[in-house]
Amino acid sequence: MRSTLLTGLIAGLLSQQAAAHATFQALWVDGADYGSQCARVPPSNSPVTDVTSTAMRCNAGTSPVAKKCPVKAGSTVTVEMHQQPNDRSCASEAIGGAHYGPVLVYMSKVSDAASADGSSGWFKIFEDTWAKNPSGASGDDDFWGVKDLNSCCGKMQVKIPSDIPAGDYLLRAEVIALHTAGSAGGAQLYMTCYQISVSGGGSASPATVSFPGAYKSSDAGILVNIHSAMSTYVAPGPAVYSGGSTKKAGSGCVGCESTCKVGSGPTGTASAVPVASTSAAAGGGSGGGSGGCSAAKYQQCGGTGYTGCTTCASGSTCSAVSPPYYYQCV
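Conventions adopted
Residues numbered from 1 in each chain as written. Predicted model: local features only at pLDDT ≥ 70, side-chain atom pairs only at ≥ 80, totals over all residues. Heavy atoms only, no water. UniProt positions renumbered as here; feature names shortened; annotations may be inferred. Phe/Tyr/Trp six-rings, centres within 6.5 Å; stacked < 30°, edge-to-face > 60°. Helix = DSSP H or I, 4+ residues; strand = E, 2+ residues; numbered from the N terminus. Buried < 20%, exposed > 50% of the residue type's maximum accessible area, 1.4 Å probe, protein only. Contact = heavy atoms within 4.5 Å. Pairing = 2+ DSSP bridges.

The name given to the chain in an unreviewed UniProt entry is lytic cellulose monooxygenase (C4-dehydrogenating), and the organism recorded there is Neurospora tetraspora. Recorded in UniProt under Cofactor (unreviewed entry), the annotation for the chain is "Cu(2+)".

Okay, structure coming up:
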C-alpha cells in the first residue's frame, strides 16, 4: 500500500511538472495578432538548464522560419506564452507550477533574420523581475514577472527602442523559472526568438552580450533560493538598454496585455522570405526550404489556431504531434 501511494505521488508530481512547462509562441505588433508566423517555436516546451549551451540563443532544436514580422521603431510588441502549443486561452496559467522568476526580452541586429543563428550580440530591451511583498514570508509570496505574465493571459508588452537602426533583428523573449534554482543548474530557462524587420529608427549602437556567455550558473539571479525570505533580486545579464523599458512586478496589465483578444481584433500578415539553409541554426536545429512560405524541419506546420506556413521544407512532412493542437515538420 505504501509503495502504491508513493508511486502515485511521484507520478502526480511528474505530471504537474510536465504540465507547467511552456513556450513563447505568439507575437502581437501594435495590437495586431501575428500569431506564430515569425516565431521560431521550440519543438518542446521543456526548459534549457545549461547556460553554457548554444540553446541559450533561441532554444534547443529551433531553426529559422519563413517569415518576418514588420515592426516600427518606437512601437510596442507583445510576446505571448502558453503551456501547450496553440492553446491561447486564458483558462490555464501561461506557465504554472509556481515557476516564479523574471521575464526578460533581448534584441540582436542581424543581416537577415531568416537565416541568423543567434551568434551576433544581444542587448536587453525589457525586464519585469521582482518586487517585495510586505505581507509575504518568502520569495514565493513576492511579486514576479511570471506572476504578471500569468495575470495577463500570457502576454507581456514590450517597447521597441526608437533609436535603433532599421533592419532585421531577432527578438528573444525569456522566462527564468527559479523554483528549483537553489542549487547549480536548477534554474529553468524558457526562450523563443521572433524574426522581425524594424523600420524607421536612428543610428544607436547598443552595447551587446553573447549567448552563451551572458549568464553564469553562479549569477545571483540564476542561483537563488526563492523559498526563503528575500531582500533583493537582480536579474542576470546586462542592464536594460536606455531606449528600452521595464515593468514593476506586481503592477496590472497594460495596453495589449489587457485589450488584445485572440480572434476579436486585427490580424497581421508577416512577409514571406526565403529561408537560407544553415547547419548552425540556434540550438542545433537545421534550416531548409527555398522561396515562399514553408516551415523548416522541426517547426510547426499546423494545429488549432495556427496561422503560419502549412507546407514543409523539402525532406520533411507535416505530421501530428499533439493533435489537434500541434503539427510539426518531421
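This next bit is on the packing of aromatic side chains. Under the criterion given, the structure shown has 5 aromatic pairs. Judged by centre distance (5.8 Å) and plane angle (75 degrees), the ring pair of F123 and Y241 falls under edge-to-face. In this pair, F123 sits in strand β6 (residues 123-128) while Y241 sits in the loop between β11 (188-199) and β12 (245-246), placing the two residues 118 residues apart along the sequence. Of the two residues, F123 and Y241, both sit in the buried class.

This paragraph deals with unusual backbone geometry. Cis geometry marks the peptide bond from F211 to P212, where omega comes out at -5 degrees. As for its placement among the helices and strands, P212 is situated in the loop between β11 and β12. Of note, the phi angle at C153 is positive, near 55 degrees, even though the residue is not glycine. With respect to the secondary-structure elements, C153 resides in the loop between α2 (145-151) and β9 (155-159).

Note that A32 resides in strand β2 (residues 32-33). Since its relative accessible area comes to 13%, A32 is described here as buried. In this structure the C-alpha to C-alpha distance between A32 and P266, which are 234 residues apart in sequence, comes to 4.9 Å. Beyond its immediate sequence surroundings of up to four residues, A32 is in contact with L27, P266, T267 and G268.

Turning next to the sheet that holds strand β1 (residues 23-29). The strands that make up a sheet are held in pairs by hydrogen bonds between backbone atoms, and each pair lies either parallel or antiparallel. Read across the open sheet, the 4 strands follow the order β2-β1-β4-β9; overall the sheet is antiparallel. Both outer strands of the open sheet, β2 and β9, are each paired with one neighbouring strand and no more. With 5 bridges joining them, strand β4 (residues 76-82) and β9 adopt antiparallel strand pairing. The partner of V77 across the bridge, within β9, is V158.

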